[in-house]
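# Fold and geometry: a report
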Amino acid sequence: MGTSSSKNLDSSSHGSGEEKDDHGGGQLYVSLKMENYKLKGDLVPHVYGSVPLVGSWDTSKALPMERESTSMWELSFVVPPNHETLDFKFLLKPKYNNVPCIEEEGPNRQFMGGKLQGVARLAVFKFSTDEVLEYQVFIKANRVSPFDLAASWRAYQENLEPSTVRGIPDVSINSLPEGAENGSSTSLDLDLEQYLVPAPATAVVYAANLTETPRSLKRGGVFSNADASTKDTGVSVDRPATIKEMEEVIPDPPKLFNPPGMVESKSLGTFSALQKQDSYRGMYVDRGVGSPRLVKSASAHTLTTGGKPDSAAKNSMPAAAGAVAAAAVADQMLGPKEDMHLAIVLVGLPARGKTFTAAKLTRYLRWLGHDTKHFNVGKYRRLKHGTNQSADFFRGDNPEGMEARNEVAALAMDDMTAWMQEGGQVGIFDATNSTSERRNMLIKMAEGKCKIIFLETICNDRMIIERNIRLKIQQSPDYADEPDFEAGYQDFKRRLDNYEKIYEPVNEGSYIKMIDMVSGHGGQIQVNNISGYLPGRIVFFLVNTHLTPRPILLTRHGESRDNVRTRIGGDTPLSGNGELYAKKLTNFVEKRLKNERAASIWTSTLQRTILTANQIAGFPKIQWRALDEINAGVCDGMTYEEIKKNMPDEYESRKKDKLRYRYPRGESYLDVIQRLEPVIIELERQRAPVVVVSHQAVLRALYAYFADRPLKEIPHIEMPLHTIIEIQMGVTGVQEKRYKLMD
Ligand SMILES: Nc1ncnc2c1ncn2[C@@H]1O[C@H](COP(=O)(O)OP(=O)(O)O)[C@@H](O)[C@H]1O
Ligand SMILES: O=P(O)(O)OC[C@H]1O[C@@](CO)(OP(=O)(O)O)[C@@H](O)[C@@H]1O
């Protein structure tokens, strides 16, 4: 870069004169490289050291190096010119595991006053087998101004000369400024609650209530096989208007800390159009349906061959094919017919997170554009047999209970396969399915119609099971009419005992077992006979999800100069207003995350987001190309008015179908969603808070994932400037708060 001066910090250059000038806030970009490293098992070179940026000597937080070329591994980060002494070492360890972990021999390496101390050019690793490996390392620092950092993306685009920007790392950290706490005109009041504004979503609803309603449920609330006519496209849940809603509102934890009357904290994840907005009346609101008048379904136990195969072929492409990877589409078109439809059949004891996992997977797959539905057999049971069944109903030696339960399971399976034959792609079948007999029944029902993958959730942590049981008593409509918590608790424990007596872990067919995945330590996923695009994606998603509560803060950049001129796209810096927001955001993040041990700030590679986050200190900042704004192609830099005038056809096409419309030589919203998938996976995987500073279209897409909003709504979601959307991830799902820092 023209304005940067480069300094080699290996032994040959250390000790050379240091510039006093720091280029008006210039920073040192440190690049660590390791040469000729051939992979040994799954060991990857890492770096860890004395400051939080490099893991505070915690091997689990060591930074993995990335392959720069076949013979070189690289890691770069930024330190301020007046940085504190940084001790570090190279490590070899698996990327997602802490053992084995082999630290390089010798004393710590030390980076002080912009210079590397000592002369070691080799990293030496000794293995327990007495094998010794030596790798050459190169350590270099470039002094680059913040503007260079901001302009790096532009430089890359304009010069198409990767080597000119390779030295510009995409990870940086500012140290906390001295006296950061003293108030200024831009500092925020300590009480962040006063910036809260109402969020659009509504109250928390138990996930099972938002699953599919039996298609045979007649308007009057009667099961029959006759009324299977409701055509459903899959994105939204069908809910006959005459059914008394059995939704249950559970306490909204953040609300408990808020001043009376505030309604700013809302649930996402379980959003439903029919939820009651005014239902903060207490713990349980309108939860039970009582026992509907039901007649026995003629379809129960029968293996229907109904449905129209032709319609399956017609409809087998996902609704949002553009958002679905080509491989998935090819799988669907080329594979055997039953592979066109996938059934994920949950297996597990009660209170093992089956419904939670099923709901989350449904949300993810729908967001990716796969037509997915969640069938909860518990909901079918409650509608057919009422909500007040005691533990005896679930005894393995109670023939009536067994028959009734198999009957509703068969009914739900019938509905699921019928929906698939109409074109539905992924059905998530949520029940305990805890015996091989039950699973055999399902396998038979699926024959020739869909491929089954069992997803078993196993939890051996007594504390987590205990917490789950308590959550179930609060949430499940089964205990809505039980005023005595302790009585409900005892009944549920008896129900669990009944299941445990006959439980048979999955050992048949294709399966995924999630074992102790939420306890925060250990945990594993076992897979058997899993192949194909979608099953692969599902496994990858499940591996990365967990229950550690943490906030994700989403915000647009501060107002940019192009925003003022109403020009789309571009890469302009911030307006005066935008700069003010950058300061307020810095202040907000500092206060909101002051008790967090770790957090990270993610921006796009465009100036307006980098500059918005520029002053946030103390946490690593990472630039993601995937977070760049929707690419407006030939329209980049134009106003909407100019597009309307000069390219009326383009303007009209976008207006007609904003989700699918792709700017000439640019992107559509579906393209944006597809490139955001790794971001969603990474947000799921993170255990510490993340602040995402990005753009309107990108944030609409990310928000829609957390809020479970249908694809077609995404381009129209309101995403105001200068507002922070806080998504709280937790054990009951996802909740939202909004803070408006300025107009
Ligand atoms: N993989 C898991 N293992 C253990 N508990 C989990 C898991 N996933 C989610 N949970 C927790 O279990 C609680 C109860 O989950 P739920 O889905 O209602 O259980 P189930 O459907 O198995 O009866 C959830 O609120 C969540 O906090
Ligand atoms: O899809 P629409 O509604 O056009 O919104 C996306 C547009 O929002 C803008 C502002 O108009 O985003 P941002 O300023 O957040 O980067 C444009 O750059 C972008 O093209």
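Before going into details, it helps to say that this report is about the structure given with it.

Conventions adopted
Residues numbered from 1 in each chain as written. Chains lettered and ligands numbered in written order. Predicted model: local features only at pLDDT ≥ 70, side-chain atom pairs only at ≥ 80, totals over all residues. Heavy atoms only, no water. Axes fitted to C-alpha atoms, helices over the stretch in contact; angles between N-to-C directions. Helix = DSSP H or I, 4+ residues; strand = E, 2+ residues; numbered from the N terminus. Parallel < 35°, antiparallel > 145°, perpendicular 65-115°, else oblique. Left-handed = near helix turned anticlockwise from the far one by under 90°. Contact = heavy atoms within 4.5 Å. Nonpolar A, V, L, I, M, F, W, Y, C, P; charged D, E, K, R; others polar. Polar contact = N/O pair within 3.5 Å; in protein donor to acceptor, adjacent residues only side chain to side chain. Near = heavy atom within 4 Å. Areas by Shrake-Rupley, 256 points an atom, 1.4 Å probe, with all protein chains shown as cover. Phe/Tyr/Trp six-rings, centres within 6.5 Å; stacked < 30°, edge-to-face > 60°. Buried < 20%, exposed > 50% of the residue type's maximum accessible area, 1.4 Å probe, protein only. Lys NZ or Arg CZ within 6 Å of the ring centre and 35° of its normal.

## Describing the packing of helix H17 (residues 669–685) against helix H18 (residues 696–707)
At their nearest, the axes of H17 and H18 sit 9 Å apart, and the two run at 55° to each other. Between H17 and H18, the crossing angle belongs to the class labelled oblique. Considering only the axes of H17 and H18, their crossing is right-handed. Judged by residue contacts, Tyr-669, Val-672, Ile-673, Arg-675, Leu-676, Val-679, Ile-680, Leu-683 and Glu-684 of H17 engage Ala-697, Val-698, Arg-700, Ala-701, Leu-702, Tyr-705 and Phe-706 from H18. Of the residues assigned to the contact of H17 with H18, the class counts are 13 nonpolar, no polar and three charged.

## Some words on the environment of Thr-548
The residue Thr-548 is located in the loop between helix H11 (533–544) and strand E22 (550–556) in this model. Separated by 139 residues in the primary sequence, Thr-548 and Arg-687 have C-alpha atoms spaced 6.1 Å apart. Apart from the residues within four sequence positions on either side, Thr-548 is in contact with Arg-687 and Met-729. Of note is the side chain of Thr-548, whose polar atom sits 2.6 Å from the side chain of Arg-687.

## A word on the site of ligand 1
Lining the immediate surroundings of ligand 1 are 17 residues, of which Ala-351, Lys-354, Phe-356, Lys-472 and Val-731 lie closest. One nitrogen or oxygen atom from the main chain of Arg-352 is found 2.9 Å from an oxygen atom belonging to ligand 1. Contact between ligand 1 and Val-731: an oxygen atom at 2.7 Å from a main-chain N or O atom of the residue. Protein contacts shield 96% of the accessible area of ligand 1, which totals 580 Å² for the unbound molecule.

## Re the environment of Lys-493
Looking at the element boundaries, Lys-493 is found in helix H10 (residues 485–502). Between the C-alpha atom of Lys-493 and that of Ile-469, which follows or precedes it by 24 residues, the distance is 8.1 Å. Not counting the four nearest positions on each side in its chain, Lys-493 is found in contact with Glu-466 and Ile-469.

## Focus: the packing of aromatic side chains
The description of two aromatic rings rests on the distance between their centres and on the angle between their planes. This structure, assessed with the given rule, holds 14 aromatic pairs. When the ring of Phe-125 is compared with that of Tyr-135, the centres are 6.0 Å apart and the planes differ by 50°; the resulting orientation is tilted. Highlighted residues: Phe-125 in strand E11 (residues 122–126) and Tyr-135 in strand E12 (residues 132–144), separated in sequence by 10 residues. On the basis of relative accessibility, which here comes to 0%, the residue Phe-125 falls in the buried class. The interplanar angle of 70° and the centroid separation of 5.7 Å between the aromatic rings of Trp-367 and Tyr-705 together place this pair among those described as edge-to-face. Of this pair, Trp-367 sits in helix H5 (residues 354–367) while Tyr-705 is found in helix H18, placing the two residues 338 residues apart along the sequence. Taking relative accessible area as the criterion, Trp-367 reaches 3% and is therefore assigned buried. Chaining the aromatic ring pairs together yields one cluster made of Trp-367, Tyr-705 and Phe-706. Sitting above the plane of the Tyr-511 ring, Lys-513 keeps its charged end 5.3 Å from the centroid. Sitting over the ring of Tyr-703, Arg-738 keeps its end group 5.2 Å from the ring centre.

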